[in-house]
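Fold and geometry: a report
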Protein chains: 2
Amino acid sequence: MRNLKYAILGLVNREPMTGYDIKKAFDSRGLTNFWHAEHSQIYPEMKKLVAEGLVEYETVIRGEKLETKLYRITPAGKKDFHDWLRDDVEIERTYKDVFRLRTFFNESLSQEEYLKLLRSQLMQHRQKRDMLRFYLETDFSTLPRFKTKQMGDYLVLDGAVRRETTYVEWLEHCIDVFENGTPGEPVDLIE
Amino acid sequence: MRNLKYAILGLVNREPMTGYDIKKAFDSRGLTNFWHAEHSQIYPEMKKLVAEGLVEYETVIRGEKLETKLYRITPAGKKDFHDWLRDDVEIERTYKDVFRLRTFFNESLSQEEYLKLLRSQLMQHRQKRDMLRFYLETDFSTLPRFKTKQMGDYLVLDGAVRRETTYVEWLEHCIDVFENGTPGEPVDLIE
DNA sequence: GGCAACTATGTAAATATTTACATGATTGCT
DNA sequence: AGCAATCATGTAAATATTTACATAGTTGCC
């Protein structure tokens, strides 16, 4: 799949970066919502990309003697990245989610135990949703222009807000079902 | 993490199953939306679970001589699974999504090229949403009872419908932005 | 009886990801 | 000057996942 490869190429295509910068990008507000990698995966991948001729680097000294590698995409890298980006692909059959897996098996818990989990998840997802909304409102009070990286940042952040909002609504629905039964549908609350 | 372990334990906890049955469960309408594994991952994991004393099996002959292994959860397996299920956990920081990654980098495509990708994704996600909605309506016209596996099936299917519905809305928003700019926000359409 | 689709189980190899081990420089603060 | 937080880069080992290789029986249909 080489998704990490293209995530990195895309970043380095935006501007020259060190491995550390790439790691920070994967930890950042925007990107971390839909992609992530540890530095132990990044540094070996950088070596691979250099070997493949898709990026090159110059060693830059920071301060007195700290050597850092500033990676830059090559024309071959640009082409490879662009081909990947333009490729029309099938949607993913599975978006893995451990909490949904737990929910699938909730029958093995008492209602109270499962409600406790639901409420904890709800609290966390609400917090995340609010945080993402705040980012969206502060950073993108006006719509960014096309052909800028801000446009990509905006669209995925907007998507993250929608995703979290819906996750919260789903959790609220689960809690509602377990607390009250669904409106209009009388539910047998006794086992 | 051992998520596969617990996914399998959860399934075998519902009822005794063969490795093939487990594979089919991971391919099924409900589960495949939020978890999946290939048989090459399942069979070795079954061996491991047997070695750990969490499941046991009896060999069942199907037809004349086809040997199948029917796995059954042990009391130790039930305990391990139940402990995992009850555990309160942090929400995932990243829900990986390759199309969102592409969107993050859309600046490197022309508007037409990216719109083509958006429309293709939209078509596929609409189709999936409609399919999931159909399953939900046909299988769960009335709310299932608590403490049944149907309740888990219902909740995750409902969650999948919500997730796809929101994905469709997000794609429509992206298309809207690229075709018309956001309502009320005049957008510079010339690069 | 032949054939296709499906049932059934495994291993091997490659790739992807996480967690732990390991080291050292820089910056800003007190 | 000392300290903490951050910058910076790497490897090792374990775990997770995908793709390919490999084999064989069963069921239903024509």
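Scroll up to find the structure this text is about.
Heads up: these notes are all about the structure in this document. All values derive from a computational prediction rather than experimental measurement. (Residues numbered from 1 in each chain as written. Chains lettered and ligands numbered in written order. Predicted model: local features only at pLDDT ≥ 70, side-chain atom pairs only at ≥ 80, totals over all residues. Heavy atoms only, no water.)

**What to know about the overall build of chain A**
Each helix and strand in chain A was counted, giving seven helices and two strands. Helices (α) and strands (β) of chain A occur, in sequence order from the N terminus, as α-α-α-β-β-α-α-α-α. Computed over the C-alpha atoms, the radius of gyration of chain A is 22 Å, more than 25% above the 16 Å expected from 2.2 N^0.38 for a compact globule of 191 residues. Overall size of chain A, expressed as C-alpha extent along the three principal axes, is 70 × 40 × 40 Å. Taken over 191 residues, chain A has a buried fraction of 52%. Within chain A, contacts between residues at least 6 apart in sequence are counted, and of these 56% link residues at least 24 apart. Summed over all atoms, the accessible surface of chain A reaches about 9,600 Å², with 51% contributed by carbon and sulfur. (Helix = DSSP H or I, 4+ residues; strand = E, 2+ residues; numbered from the N terminus. Rg over C-alpha atoms; globule rule 2.2 N^0.38 Å. Buried < 20%, exposed > 50% of the residue type's maximum accessible area, 1.4 Å probe, protein only. Contact = heavy atoms within 4.5 Å. Areas by Shrake-Rupley, 256 points an atom, 1.4 Å probe, with all protein chains shown as cover.)

**With respect to the protein's contact with DNA strand C**
Every one of the 23 residues lining DNA strand C counts as a neighbour, but Ser 40 and Glu 64 of chain A together with His 39, Arg 62 and Lys 69 of chain B are closest to it. Among atoms of DNA strand C positioned within 4 Å of the protein, sugar and phosphate together represent 62%. A distance of 3.4 Å separates a phosphate oxygen of DNA strand C from a polar backbone atom of Gly 19 of chain B. The class makeup of the residues in the surface near DNA strand C is five nonpolar, eight polar and 10 charged. (Near = heavy atom within 4 Å. Polar contact = N/O pair within 3.5 Å; in protein donor to acceptor, adjacent residues only side chain to side chain. Nonpolar A, V, L, I, M, F, W, Y, C, P; charged D, E, K, R; others polar.)

**A look at the pairing of strand β2 (residues 66-73) of chain B**
Successive side chains on a regular strand alternate, one facing one side of the sheet and the next facing the other. Residue and element names in this part refer to chain B. In this sheet, β2 lies alongside strand β1 (residues 55-62) in antiparallel orientation, the contact comprising eight bridges. Note that in β2 the partner of Val 60 across the bridge is Thr 68. If you look at the hairpin formed by β1 and β2, you'll find three residues sitting between the two strands, and Gly 63 has a positive phi there, around 70°. (Pairing = 2+ DSSP bridges.)

**Some details on the protein's contact with DNA strand D**
Taken together, 23 residues form the shell around DNA strand D, and within it His 39, Arg 62 and Lys 69 of chain A together with Ser 40 and Glu 64 of chain B come nearest. The share of sugar and phosphate among atoms of DNA strand D within 4 Å of the protein is 64%. Within the side chain of Lys 69 of chain A, a nitrogen or oxygen atom sits 2.5 Å from a phosphate oxygen of DNA strand D. In this structure, Arg 62 of chain B approaches DNA strand D through a main-chain N or O atom, which is 3.2 Å from a phosphate oxygen. Elements with a contribution of two residues or more to the surface near DNA strand D: α2 (19-27), α3 (39-51) and β2 (66-73) of chain A together with α3 (39-51) of chain B. In the surface near DNA strand D, the residues fall into five nonpolar, eight polar and 10 charged.

**Quick look at the interface of chain A and chain B**
Where the parts come together, the accessible area they lose is often given as the size of the interface. On the chain B side, the residues contacting the 87 residues of chain A number 87 residues. Taken over both partners, the interface formed by chain A and chain B buries close to 8,700 Å², and the fraction arising from carbon and sulfur atoms is 60%. Summed over the shared surface of chain A and chain B, the result is six salt bridges. A salt bridge links Glu 38 of chain A to Arg 93 of chain B; the nearest nitrogen and oxygen atoms lie 3.6 Å apart. Counting every contact that joins chain A to chain B gives 47 residue pairs in polar contact (both at pLDDT 80 or more). (Buried area = accessible area lost by both parts, 1.4 Å probe. Salt bridge = Lys/Arg side-chain N within 4 Å of Asp/Glu carboxyl O.)

**Quick notes on the packing of helix α1 (residues 3-14) of chain A against α2 of chain A**
Residue and element names in this part refer to chain A. Where α1 meets α2, the axes come as close as 11 Å, and the angle between the chain directions of the two elements is 105°. In terms of axis orientation, α1 runs roughly perpendicular to α2. Within the contact between the two elements, α1 uses Leu 4, Ala 7, Ile 8, Leu 11 and Val 12 and α2 uses Ile 22, Ala 25 and Phe 26. Residue classes in the contact of α1 with α2 are distributed as eight nonpolar, no polar and no charged. (Axes fitted to C-alpha atoms, helices over the stretch in contact; angles between N-to-C directions. Parallel < 35°, antiparallel > 145°, perpendicular 65-115°, else oblique.)

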